[in-house]
Amino acid sequence: MKNSITALLILALSFFSFNLSFAGEIDTLTLHSDVMNRDIEVIVVKPSVPKVMVKGKGKKAQIKAEEKSYPVVYLLHGAYGNSRAWLEIKPNLPDLADQYGMIFVTPSALNSWYFDSPKLKDFQYETFMTVDLIGYIDSHYKTIPSREGRAITGLSMGGHGALFLAFRHKDLYGACASMSGGVDIRPFPLNWNIPDVLGEMAANKGDWDSHTVVELVKTLKNHDLEIEFDCGESDFFLEVNKDLHKRLLGHGIDHDFTTRPGGHTGEYWGNSLDYQLVFFNKYFRGEMKKK
């Protein structure tokens, strides 16, 4: 019996010696945007680096990190949120980074709607997101630096931002999603600081039209992007999401659209992200089937 227990302990210790791993890690960055002359906080959640014991005995045995590149999912917050919003909604993001082998990047963007504002010089967030941020992440982390390894999603304002950026930059993102997204801003002309960013809608209709997601559908061809979006049945953005669904169907754009019980809440978004990570994982693994 004693020998059996000893053998099990040796086996367990051997397993852990050859398969050492740790919890996902969280980096807090401060990036400077020259075009906005603004410092921007960015949270990066990265998988733990797998470590293995290489051959050798005693002092000659060595532990080294496995070299591996990871796909990146950019997670955008909603109005009045910040870079830490997603960690508050989904505290297990580090575990999910390990589970899926993905890097999550969550930048602060104020109530910018992720636009390059025609009115405010220090609100050029489309440029920050697509030039500064992607460039920094790809040069400082072990990423797959192509659209095949890059996806974007977000909640509410961030849901609009994710689709807006992906539709306008199909060379950068291969897959995109939105949850509870304000995918048509025009029914809400006085809300969430949008007039500060674009000007009053009545006097700046062209800017409002060109900066709203539903009007960008006509720029898409089928399978330019893998697209998924969802909205709660009790959400005030439900109708604009249904309209986006109809427009995509009308233009022959394959996509996944889901409605589920729920409102404009953190509980809904946390649940939604679970589904979207499955969607992104299939994309990153090359498992999307063309219809």
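One structure accompanies this document, and this report is about it. A quick note: this is a predicted structure, and the numbers were derived from the prediction, not measured.

1. What to know about the pattern of salt bridges
Next up, step 1: Enumeration over the complete set of coordinates arrives at 17 salt bridges.
Next up, step 2: Salt-bridge contacts for Asp27 lead to Lys46; the nearest nitrogen and oxygen are separated by 3.1 Å. With Asp27 in strand β1 (residues 25–33) and Lys46 in strand β2 (residues 38–46), this residue pair connects regions lying 19 residues apart in the sequence.
Next up, step 3: The shortest N-O distance in the salt bridge between Arg285 and Glu287 comes to 2.9 Å.
Next up, step 4: Note on Glu287: relative accessible area 37%, which makes it partly exposed.
Next up, step 5: Through salt bridges that share partners, Asp184, Arg186, Lys205, Asp209, Glu215, Lys218, Asp243 and Arg247 make up one connected network.

2. Considerations on the nonpolar core
Next up, step 1: Counting 57 residues, the largest nonpolar core has Ile152 and Phe167 as the members making the most contacts within it.
Next up, step 2: Ranked by the residues each element gives to this core, the list is headed by helix α5 (residues 157–168), at seven residues.
Next up, step 3: Each residue touching Phe167, except ones within four places of it in the same chain, is listed here: Cys176, Val213, Leu216, Val217, Thr219, Leu220, Leu225 and Ile227.
Next up, step 4: Grouped together as the second largest cluster of nonpolar side chains are 26 residues, Leu87, Leu96, Leu155 and Leu273 included.

3. Focus on the pairing of strand β6 (residues 103–107)
Regular strands place side chains that alternate from one sheet face to the opposite one.
Next up, step 1: Within β6, five of the five residues are buried, which leaves it mostly tucked inside the rest of the structure.
Next up, step 2: Here β6 shows two buried faces, one formed by Ile103, Val105 and Pro107 and the other by Phe104 and Thr106.
Next up, step 3: Where β2 and β6 come together, four bridges link them in antiparallel fashion. Looking at β6, one finds that Ile43 is bridged to Thr106.

Analysis parameters
Residues numbered from 1 in each chain as written. Predicted model: local features only at pLDDT ≥ 70, side-chain atom pairs only at ≥ 80, totals over all residues. Heavy atoms only, no water. Salt bridge = Lys/Arg side-chain N within 4 Å of Asp/Glu carboxyl O. Helix = DSSP H or I, 4+ residues; strand = E, 2+ residues; numbered from the N terminus. Buried < 20%, exposed > 50% of the residue type's maximum accessible area, 1.4 Å probe, protein only. Core = buried A, V, L, I, M, F, W, Y, C linked by side-chain atoms within 4.5 Å. Contact = heavy atoms within 4.5 Å. Pairing = 2+ DSSP bridges.

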